[in-house]
Amino acid sequence: MEFLQSADFWIGLVKIVCINIIISGDNAVVIALAARSLPPHQQKKAVFWGSGAAVVLRILLTVVAAKLLELSFLQIVGGCLLLWIGFQLLSDDEEEEGESKTYGSLMAAVRTILIADLVMSLDNVIAVAAAAQGNVVLLVLGLAISIPLVIFGSTLMIKLMERFPIIVVLGAALIGWVGGETIASDAILHDYAVAHPALHYVAAALGAALVVGVGKFWRKGASSASAA
């Protein structure tokens, strides 16, 4: 336990916690959006299990993330998954605006959280691994500390979404933004992205616009079908 007396250990721990606070914002939004489809008594379970499983997933990803990011088309597929998840979460919310609200299942919400976190965490865990500098205890401890931070952020987002519905649209747009960023960061596009720095932001903006735009189009189609 001598490492506990090392200043480098505590500095590294603080770095990992700070990194997780910064990078967990979009994850908290995904968790909150997915949990909103559940009945109130299951929302806390979804937030807890989704957050805990997501952090465990990050620990496992840290070992292989650098190699995975070198694979062509992996981030393109992951980015498309995020766009689909953003669209689904937005359209699910819009379908619930009628007089009777239907609820989703706990397992479906947790599955959505894990898939989204898997994609969104691929590049983030590299920063955490760099801060840990090969210290597995530091890595696990730092990520474990982030669990209550993600849970608190997700719970707060659920309450804000219930009070301000526009946040749901903004949250879906954020998922689309990250999806676009992920696609533009794929290994096969690396050289082109270096030559055209604006690609990153253009792809992100298109991703956000696509999720919100398709979601609104779907809503109009659903409204027309129900009216008929």
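Our subject is the structure that appears above.
Residues numbered from 1 in each chain as written. Predicted model: local features only at pLDDT ≥ 70, side-chain atom pairs only at ≥ 80, totals over all residues. Heavy atoms only, no water.

1. Describing the environment of serine 72
So, step 1. Along the chain, serine 72 falls in the loop between α3 (40-68) and α4 (74-95).
So, step 2. Residue serine 72 is classed as partly exposed on the basis of its relative accessible area of 41%.
So, step 3. For the pair serine 72 and isoleucine 188, spaced 116 residues apart in the sequence, the C-alpha separation amounts to 5.2 Å.
So, step 4. Once residues lying within four places of it in the same chain are set aside, the contact partners of serine 72 are Asp186, Ala187 and Ile188. (Helix = DSSP H or I, 4+ residues; strand = E, 2+ residues; numbered from the N terminus. Buried < 20%, exposed > 50% of the residue type's maximum accessible area, 1.4 Å probe, protein only. Contact = heavy atoms within 4.5 Å.)

2. Points about the environment of arginine 36
So, step 1. Tracing the sequence through the fold places arginine 36 in the loop between α2 (25-35) and α3.
So, step 2. Separated by 123 residues in sequence, arginine 36 and lysine 159 place their C-alpha atoms 9.4 Å apart.

3. What to know about the packing of aromatic side chains
So, step 1. Overall, the coordinates contain 2 aromatic pairs when judged by the stated rule.
So, step 2. On the numbers, 5.3 Å between centres and 80° between planes, the contact of phenylalanine 48 with tryptophan 49 is edge-to-face. (Phe/Tyr/Trp six-rings, centres within 6.5 Å; stacked < 30°, edge-to-face > 60°.)

4. Considering the packing of α2 against helix α7 (residues 136-163)
So, step 1. With their axes 8 Å apart at the nearest point, α2 and α7 run at an angle of 55° to one another. In terms of orientation, α2 lies oblique with respect to α7. Crossing handedness for the pair α2 and α7: right-handed. The residues of α7 that touch α2, namely those facing Ala28, Val29, Ile31, Ala32, Leu33 and Ala35, are Val150, Gly153, Ser154, Met157, Ile158 and Met161.
So, step 2. Class assignment of the residues belonging to the contact of α2 with α7 gives a composition of 10 nonpolar, 2 polar and no charged. (Axes fitted to C-alpha atoms, helices over the stretch in contact; angles between N-to-C directions. Parallel < 35°, antiparallel > 145°, perpendicular 65-115°, else oblique. Left-handed = near helix turned anticlockwise from the far one by under 90°. Nonpolar A, V, L, I, M, F, W, Y, C, P; charged D, E, K, R; others polar.)

5. Looking at the packing of α2 against helix α8 (residues 166-184)
So, step 1. Two numbers describe how α2 lies on α8: the axes approach to 10 Å, and their chain directions differ by 125°. Between α2 and α8, the angle falls in the class oblique. For the element pair α2 and α8, the recorded crossing hand is left-handed. Between α2 and α8, the residues in contact are Asp26, Val29, Val30 and Leu33 and Val168, Gly171, Ala172, Leu174, Ile175 and Val178, respectively.
So, step 2. Considering only residue class, the contact of α2 with α8 consists of 8 nonpolar, 1 polar and 1 charged.

6. A word on empty space enclosed by the protein
So, step 1. Tallied over the entire structure, the rule returns 2 cavities of 30 Å³ or more.
So, step 2. By volume, the second largest cavity is sized at about 30 Å³.
So, step 3. At the level of secondary structure, the elements contributing two or more residues to the lining of the second largest cavity comprise α2 and α3.
So, step 4. Looking at which element gives the most residues to the lining of the second largest cavity, the answer is α3, with 4 residues.
So, step 5. Among the residues forming the lining of the second largest cavity, the class breakdown is 4 nonpolar, 2 polar and 2 charged. (1 Å grid on protein atoms, 1.4 Å probe; cavity = no way out; pocket = protein on both sides within 12 Å on 5 of 7 lines; lining within 4 Å. Points joined across faces, edges and corners; volume = space filled by probe spheres on them.)

By themselves, these figures tell us nothing about what the structure is for.
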